[in-house]
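Inside the fold
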Amino acid sequence: MRKRFLRLLPGFLVLLLWPLGIAAKKPRAPPGCAPWCPRNSVCINAIACSCHPGFSSWSGEIITSPVDSCDDINECEPPLAVSCGKFADCQNVDGSHYCTCSPGYGLVSGATTFRNESENTCQDVDECSSRQHRCHNSTACINTVGSYRCRCRRGWTPLPGFQDNQNTTVCEEMSFPTWTPPPGIQSQCLSGFFERVQDLRRRFTPASAQDTVQDLIQSVDELLKAPGDLETLALPDRHHTVTHLLSGLEEVLRTLAKAMPGASFTYQSPAGTELSLVIQEQGHGNVTLGQSHARMLLDWAVAAGSAGSGPAVAGILSNPNMQKLLANASLELDPERQAKLEETHESPLYGVQWRLLSAVNSVFLSNTNTTKLDPKVTFAFSHPPEKPGTRQELICAFWKGADDGGGHWATSGCWTLGSWNNSTTCQCSHLSSFAVLMAHYDVQEEDPMLAVITHVGLSLSLLCLLLAALTFLLCRAIQNTSTSLHLQLSLCLFLAHLLFLTAMDRTEIQVLCSVIAGALHYLYLASFTWMLLAGLHLFLTARNLTVVNYSSVSRFMKKLMFPVGYGVPAVIVAISAASRPDLYGTPTRCWLRSESGFIWGFLGPVCAIFSVNLAFFLMTLWILKSRLSLLNSDVSTLQNTRMLTFKATAQLFILGCTWCLGILQVGPAAHVMAYFFTIINSLQGVSIFLVYCLLSQQVREQYGKWLKRVRKTKADSETFTLSSRTMSDASRPFMVN
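Let me begin by describing the structure that accompanies this report.

Things to note about the overall build of the chain
The helix and strand inventory of the chain stands at 16 helices and 27 strands. Looking at the chain as a whole, 43% of its 737 residues are labelled buried. Restricting the contact set of the chain to residue pairs at least 6 apart, pairs at least 24 apart contribute 62%. Accessible surface, the chain as shown: approximately 40300 Å² in total, 59% of it carbon and sulfur.

In structure tokens:
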């Protein structure tokens, strides 16, 4: 045991002496220095220390406390924030810092670090030429400032799940798009065409894209030059085929163009079809493309759209051989154009006949979101020289596909800027297949007989309205709330008809015409409002037959009628004039324009008043029917109730039905409806005078009294005249010769 302890003794001695050896190696503080100076500091004297450069303590520059420490200063953060310059980053280390170039940049000298901005020579590193990129071999490396991207090669497209122009892009060879026959169309010619398309698809390679495009265009030409049984198809099926061909061609050409070598491509087939393509990796500014049939000017930003796969493509395909398939297609004018035409020709537009003048020009871009383009695209279409005749116009139209697969010509979003000799310039806010059409408008010629009926009828109405107003004002036997309502109605209609006859066509001074239109708007709306109040009063009167409460109706109407009768139309006209004052007055009439739905500032209240009056009429009839079944032998009450029923029927006819005929002036029956509207509406004043004056027993009795008074006055005048003559003769002296 003792020997064993002796063997272990040297080891214990080593462990005991090791700390003493370390202590002996540690340098002693110089004489007069503080022995407690912390790490990263230097002794100043026996009671103070100072941190090394790049370190600081919480107590400041001088350390006097043994518990204080020297901590690293981060020169890369505020408040110091050392500037390393452009394309560089600051890196902090204990007691110091250094600068490095940002990823994708390097120093000209090849060094990796520098101290401050004055030493900064960072510049872009071309990862592609220096082979520092990680692009897949199916892509091409494109250097960018500070980085790089991997883009699919010409004729290649990203694999599913990958995006182009990313550092991780992986691509595969492009394939011919799937293009199948339109469903439900039975045609041997069309089937043969799509067999050739499938053959092109099987043989397609990106290297043969140019030859494939040419073969495809020639196949389309062969189909259109000899459509065969396509011409015997029903119109909807034929137009369905056109829509399918145009949309399919655009998709195939958009795809194959990305595999084309070079920045542009033009082709003209033996049948005259022209194709123009522009393919650019990066582009800006305006681009012009096209050949003899059409030329197009667009901003390249419109063609590229948002970031997409591969190069951006813009193309135009002009086909002059589509007339046979497009025959008898309809033309849809946008509402504003149609309204302007109707104002110009002063008559409703019944239909449009058209003739195709130019080739059908299909436009396609890489950007498929082309429904609302900004800036717009400008076209110049060539066509044989044409001079529009009467009611004819050269218009720019586009083929608009329908939801059911069919299609028709339309004009919305396209404007004709002008025509010179054999060219028409258009501007459109969307893309499709375009053409220039010669449109012939079918409008109703102005009927002089309608003008005669209008003047005669309104003149007669003015006379009757004047007589009715005088009757309501002077006949005390009938003066009540109902009479007051009809008096205001007669005055408003009288002023409206008078202004219509004398100033409707005063269009020489635009401001004056706008004022006249506003006045007519107000007077006719006021007339309808008084019609509404008259209908309301009639309903309340019929309702109160069941309850003896006539005084409440009169009090209610007296408080309501003037603020509503004249205030509501004023509010409507004020809102209309404040919103669109320029739409008062047309080139031919001082009335409201139909553009932007402005005419509904009049038609809307009219339709609302007619609907409410119709409801009042039905409720009044129901109340009167119930009342008639409960009546006793009171003859006067029976007669009054029957008169109310008659007035309710006349009220509906006078206060709305006549104006509804104006809204019905559409379609083939418009001419007949125009006669009905003119005759009945111009005799509205006559109807009011007949119903409320001549058919009223009290008014007839008053007319009789006035007539007797006039006759008596005339007889007294004649008697006075005769007696005066007699007295004059008697007073003369008698002379004898």
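What to know about helix H2 (residues 188-203)
Taking 1.5 Å of rise per residue, the 16 residues of H2 would be expected to cover 22 Å, and the 23 Å separating its terminal C-alpha atoms lies within 8% of that figure. Leu190, Phe193, Phe194, Val197 and Leu200 are the residues of H2 that are buried. In a view along the axis of H2, the buried residues occupy a sector of 105°, so they form one face of it. More than 90 degrees from the buried face of H2, the exposed residues found are Gln188, Glu195, Arg202 and Arg203. Of the surrounding elements, those touching the buried residues of H2 are helix H3 (209-225) and helix H4 (235-257). N-capping of H2 is provided by Ser187, with a side-chain oxygen placed 3.5 Å from the backbone N of Cys189.

Considering the pairing of strand E26 (residues 423-428)
Across the six residues of E26, five count as buried, placing the element largely inside the fold. Where strand E22 (residues 377-382) lies against E26, six bridges are found, and the strand directions are antiparallel. Residue Thr378 lies in a different strand from E26, and its bridge partner there is Gln427. Where strand E25 (residues 414-420) lies against E26, six bridges are found, and the strand directions are antiparallel. Following the sheet pairing, Ser419 is matched in E26 by Thr424. Counting the residues that bridge the hairpin from E25 to E26 gives two residues, and of these Asn421 lies at a positive phi of roughly 50°.

Topic: the sheet that holds E26
A sheet is described by the order of its strands in space; here five strands give the open sequence E16-E17-E22-E26-E25, paired in antiparallel fashion. A single partner strand is all that each edge strand has here, and the edge strands are strand E16 (286-290) and E25. In this sheet, neighbouring strand axes are inclined to one another by 15° on average, regardless of whether the strands run parallel or antiparallel.

Notes on the nonpolar core
The biggest cluster of nonpolar side chains holds 55 residues, and the ones touching the most others in it are Trp179, Leu275, Leu277, Leu326, Leu331, Trp409 and Leu437. Sort the elements by how many residues they give to this core and H4 lands first, with eight residues. With sequence-adjacent residues up to four places away left out, Leu275 is seen in contact with Val213, Ile217, Leu253, Phe265, Thr266, Tyr267, Gln291, Ile316, Leu317 and Phe364. Core analysis: the next-biggest nonpolar cluster, separate from the first, contains 54 residues, Ala468, Leu489, Leu523 and Leu536 among them.

Digging into the packing of helix H8 (residues 448-474) against helix H15 (residues 684-694)
At a minimum axis distance of 7 Å, the contact between H8 and H15 shows a crossing angle of 30°. The element H8 and its partner H15 pack so that their crossing is left-handed. Two secondary-structure elements touch here, H8 through Leu460, Ser461, Cys464, Leu465, Leu467, Ala468, Thr471 and Phe472 and H15 through Gln684, Gly685, Val686, Ile688, Phe689, Tyr692 and Cys693. Of the residues contributing to the contact of H8 with H15, the split by class is eleven nonpolar, four polar and no charged.

Some words on the sheet that holds strand E4 (residues 62-63)
Backbone hydrogen bonds are what pair the strands of a sheet, in a parallel or an antiparallel way. In spatial order, the strands read E1-E2-E4; together these three strands make up an open sheet with antiparallel pairing. Edge positions in the sheet fall to strand E1 (41-45) and E4, since each has one partner strand and no second. As judged from the two bridges shared by strand E2 (residues 48-51) and E4, these two strands associate in the antiparallel manner. Of the residues in E4, the one forming a bridge with Cys49 is Ile63.

With respect to the pattern of salt bridges
Counting across every chain of the model gives six salt bridges. A salt bridge links Arg202 to Asp199, with the shortest nitrogen-to-oxygen separation between them at 3.7 Å. Here Arg202 and its partner Asp199 are both found in helix H2, three residues apart, which amounts to about one turn of the helix. Between Lys400 and Glu332 there is a salt bridge, and its shortest N-O distance comes to 3.7 Å. Within this pair, whereas Lys400 is found in strand E23 (residues 392-401), its partner Glu332 is found in strand E19 (residues 331-332), the two being separated by 68 residues in sequence. Judged by relative accessible area, which is 33%, Lys400 ranks as partly exposed. In this structure Glu332 comes out as partly exposed when scored by relative accessible area, which is 38%. Among the ionic contacts, a cluster of salt bridges with common partners joins Asp199, Arg202 and Arg203.

Cut-offs applied
- Residues numbered from 1 in each chain as written.
- Predicted model: local features only at pLDDT ≥ 70, side-chain atom pairs only at ≥ 80, totals over all residues.
- Heavy atoms only, no water.
- Helix = DSSP H or I, 4+ residues; strand = E, 2+ residues; numbered from the N terminus.
- Buried < 20%, exposed > 50% of the residue type's maximum accessible area, 1.4 Å probe, protein only.
- Contact = heavy atoms within 4.5 Å.
- Areas by Shrake-Rupley, 256 points an atom, 1.4 Å probe, with all protein chains shown as cover.
- Expected span 1.5 Å × (residues − 1).
- Arc of directions from axis to C-beta.
- Polar contact = N/O pair within 3.5 Å; in protein donor to acceptor, adjacent residues only side chain to side chain.
- Pairing = 2+ DSSP bridges.
- Axes fitted to C-alpha atoms, helices over the stretch in contact; angles between N-to-C directions.
- Core = buried A, V, L, I, M, F, W, Y, C linked by side-chain atoms within 4.5 Å.
- Left-handed = near helix turned anticlockwise from the far one by under 90°.
- Nonpolar A, V, L, I, M, F, W, Y, C, P; charged D, E, K, R; others polar.
- Salt bridge = Lys/Arg side-chain N within 4 Å of Asp/Glu carboxyl O.

Just geometry here; none of it tells us what the structure is for.
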